[in-house]
Structure formats: structure tokens, C-alpha cells
Amino acid sequence: ESHMIIGPLRHWTSCGKFFIQAEIRQGSEVKNLWYSVDERYSEYVCTEQHDAFVVGCLLLAMSQGEDLHIEGSLSERLFYNLSNYYIHIITRIIPSYREIKLKPQRLVSNRVGNPGGVATGFSGGVDSFSVLHDHLSRGTPESYRLTHLFFNNVGSHGEWDSKKASILFEKRFGLIENFGRQTGLEFIKVDSNLSDILQMNFEQTHVPRNASAVLLMQKLVSKYYYSSAFSYEDTFVAESSSMGHADPIAVPLLSTETLEFIPAGAQYSRVEKTQHVAALAYAHKWLNVCISPKDGRNCAGCTKCCRTLFTLELLGQIDRFAEAFDMETWRWARKWYVPEVILNRKVKESYVDEMRAKIKEQGKAFTLRERAHALLVNILPTGIYAGAKRFYGQLRR
């Protein structure tokens, strides 16, 4: 019988950081999975339970159809939720993954004592700011108000090349480090080599990756808002390249007796979330949505930058974000984005549909040039259009 083993937890302090590690054994192959936090958080790291390591390695075991043997303790609630529900959800999102059994040495149902910290992940994106908009307002009940922000190196900075990812992780953190001081929220920076162990597409695996980093800190955090990228209307459990569609159903199943995971933001459309961001004065400087960052900053030309900037334009708020984006680059990128995405009938995405609905509501008109360009996009075969675009780009140079 083929199985994966997560060995006992080891922990130590080195160079101002607190490390926790376990051996991951598959046949004759042995790898060490580690996480680290600033040593001032060492007392809050859950060293008694394997919860973080089990969630971190779960998809790897499932991808290979191997039961997971755990040489230590696992939260009883987490064991129950993973075994009965979460694993079944994953096999529907990624049909090639197989159902497996979790085999811990012990199940524990005692609550880990913590001071009731309330946290969310913060990357500076639209989803992050929307969670802040809702959970720092005066109307938020005291026990639900945010106290901490997580910034994790578990794949969002690059899931294949760990050296490049670490450099980008540090650059991006450098850009937002001061943001915590402005809001009075503490940053918890979690580093890890989880991506080296997994070697998997990030978009299809991001939830358990980030949840594993949070499960480390159960002695500090009692509630964690996982910002959902999709609305309730776009929620489903079926084969998908993005597991975020299942967040409202799947995210709460990663909770333990001590830590509650709450999917946040699915009650809003992307346009509504962007409206929240525009209403937050500090977001005008700190918004960071880029998938092709230059030194960690927004490039103003990638799909996510364009989507955000065009939405801000529709909302009449784009001028407020001149510090976060290079508007000259956007003016050039917009010439392509509008005909190729917004006016392109072949593009069928929920985010784009929302923008089109807003355009219709506003009665917004496009220029003759934009409509003519869109006509070419719609009637020319994709390969011929791409070649013409490249040729035009070379002429400009």
C-alpha cells in the first residue's frame, strides 16, 4: 500500500526567525517541509498539532492517491471535515485527484488557548481591501474586528521557482510593510518552502496553501477571513482551473476547534468590491493587483491591472489611483484592452460580464476607432489577428 508520511514536528530559532519543520516521506524519498515566522511570534506557533502540515500536504497526497500517515496529533474537527467533506470537494474540482484516508496517531479536540486574534491575508489586492472595508468599520462587532494581517510565501509570488519567488516575496512585503502601521494592524509574515514540495499550479491549490500558514498560528488567531475572489452567483463545486469558485462551501471546512475560517466577500460583485477600494483613502496608494509586477509594483498593463483600472474608470475613480499605477502605461494598454476584452464577444468571463453590465447601465459610448478595432478582433481568426498585432507593435518600435 502506497502512502505518504508526515514525521514528528521539530522547531528551533535561528537568525531572528522561528522555524517549524517535518519530514515528508514518500517511499525512499525524504523532503523537509518548513515554515518560519518572526521569532516574536514563536509563542503563538502551534507546535503540538500537525494541522498546518496536513492541510499543506493534502493535495500532494491526493494527486498521487496516497493515504496520509501523520506521526503526531491532528485536530478532531479538522480530521472530520477533511475526511468526510473537503477531500470529496477537491476530487470534484480536480477529477484526477483521488480520495485518500488520513491516519493520525492521535486526534485532539481541546481548544488551543488564544487571545482571540482576528486576521485576513493581505496582498494589497481588491479582495484584501474589500475585507478591510467590512471589518475595520465602526459597525463591526468587537470580536470580529481585524487585529492582524497575514503575508505568506506559499505560492502567490511564484509556484515553480522558489528563488525568484523569495525575491518577489521580500520586495512585495517591503512595499506594504508600512501599511500595517497606518491601519494599526500587525503583519504576520509567514515564509515556507511549501511550493518546492508541491510543485503545483497555484490558482488550483491556493486555499489549502494559505490556510496551512494560518493554521500554524492557532495560539493567536481565532477567526480568519479568507477573501473569496468570486461571488455567490459564481459558486460551484465542479471541475475548474480555479478552486476559488468553491470558497463559500469549502473554506469553513478547514476550521479547527480553535480557529474558524470564514469565507468573506462572495456577497459582492467585483465592481462592488472595487467601489469599496475606491472609498478607502489608504487604498489609493497601496492597491497592488499585478500579475506581472515590476519590482513588486503594478505594471498597469497586465490583465489584472487593466481589469482593475477599467473598472475604476467606469466608477469615475481612476484619477485617485495615480500613485499606485503608471497612467501613461495604462493609456497605451487601454487601446488594446477595450477592443480585445470588453468589446470582444469571444470573451465570456464573469468579471467582464459585470463590467459590460455597468457599461450598459451607464449608457457609455465607445469611439468609432474602438468599435472598428473590436470588429477586427471579432471577425479575424485569432492567429491572424495576433500576427497583425505583432506586426503593428514592431512598426511602432
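Because the structure is a prediction, the values reported are computed rather than measured. (Residues numbered from 1 in each chain as written. Predicted model: local features only at pLDDT ≥ 70, side-chain atom pairs only at ≥ 80, totals over all residues. Heavy atoms only, no water.)

J.: So what's going on with the overall build of the protein chain? Which residues, and what values?
T.: The helix and strand tally for the protein chain stands at 14 helices and 11 strands. In terms of overall size, the protein chain behaves like a compact globule, its C-alpha atoms giving a radius of gyration of 22 Å where 397 residues would be expected to give roughly 21 Å. Across its three principal axes, the protein chain shows a C-alpha extent of roughly 70 × 50 × 40 Å. Sequence-distant contacts in the protein chain: of pairs separated by 6 or more residues, those separated by 24 or more amount to 72%. With the model as given, the accessible surface of the protein chain reaches about 18,100 Å², and the carbon-plus-sulfur share is 50%. Charge centroids of the protein chain, computed over 47 positive and 43 negative side chains, lie 7 Å from each other. (Helix = DSSP H or I, 4+ residues; strand = E, 2+ residues; numbered from the N terminus. Rg over C-alpha atoms; globule rule 2.2 N^0.38 Å. Contact = heavy atoms within 4.5 Å. Areas by Shrake-Rupley, 256 points an atom, 1.4 Å probe, with all protein chains shown as cover. Lys, Arg positive; Asp, Glu negative; His and termini not counted. Charge placed at Lys NZ, Arg CZ, Asp CG, Glu CD.)

J.: Go over the nonpolar core with me, naming the residues and quoting the values.
T.: The nonpolar side chains of soluble globular proteins are, as a tendency, buried together. Of all hydrophobic cores here, the largest spans 64 residues; its most connected members are Phe53, Tyr86, Leu102 and Met217. When residues in this core are grouped by element, the largest group, 10 residues, is from helix 1 (residues 51-63). When neighbours within four sequence positions are excluded, Phe53 is seen to be in contact with Ile6, Leu9, Ile20, Gln21, Ala22, Leu33, Tyr35 and Leu216. If you look at the next biggest cluster of nonpolar residues, it comprises 52 residues, including Val126, Ala283, Cys290 and Val352. (Core = buried A, V, L, I, M, F, W, Y, C linked by side-chain atoms within 4.5 Å. Buried < 20%, exposed > 50% of the residue type's maximum accessible area, 1.4 Å probe, protein only.)

J.: Give a description of helix 13 (residues 368-379) that names residues and reports values.
T.: Over its 12 residues, helix 13 extends 17 Å from the first C-alpha to the last, a length consistent with the 16 Å expected when each residue adds 1.5 Å. Here helix 13 has its buried residues at Glu370, His373, Ala374, Val377 and Asn378. Take helix 13 and look down its axis: the buried residues cluster within an arc of 140°, on one side only. Among the exposed residues of helix 13, those pointing more than 90 degrees away from its buried face are Leu368, Arg369 and Ile379. (Expected span 1.5 Å × (residues − 1). Arc of directions from axis to C-beta.)

J.: Summarise helix 12 (residues 350-362); cite the residues concerned and give the values.
T.: Between the first and last C-alpha of helix 12 there are 19 Å, a value that for 13 residues agrees with the 18 Å anticipated at 1.5 Å per step. The set of residues buried in helix 12 consists of Tyr351, Val352, Glu354, Met355, Lys358 and Ile359. Angular distribution of buried residues about the axis of helix 12 spans 155°; they occupy a single face of the element. Across helix 12 from its buried face, at more than 90 degrees, point the exposed residues Lys360 and Glu361. Along its buried surface, helix 12 packs onto helix 8 (270-279), helix 10 (303-314) and helix 11 (327-342). Backbone geometry just downstream of helix 12 places Gly363 in the positive-phi region, at approximately 65°.

J.: Give me the lowdown on the side chain of Arg334, citing residues and values where you can.
T.: For Arg334, the position within the fold is in helix 11. Take Arg334: its relative accessible area is 16%, and that puts it in the buried class. A polar side-chain atom of Arg334 sits 2.8 Å from a polar atom in the side chain of Glu313. (Polar contact = N/O pair within 3.5 Å; in protein donor to acceptor, adjacent residues only side chain to side chain.)

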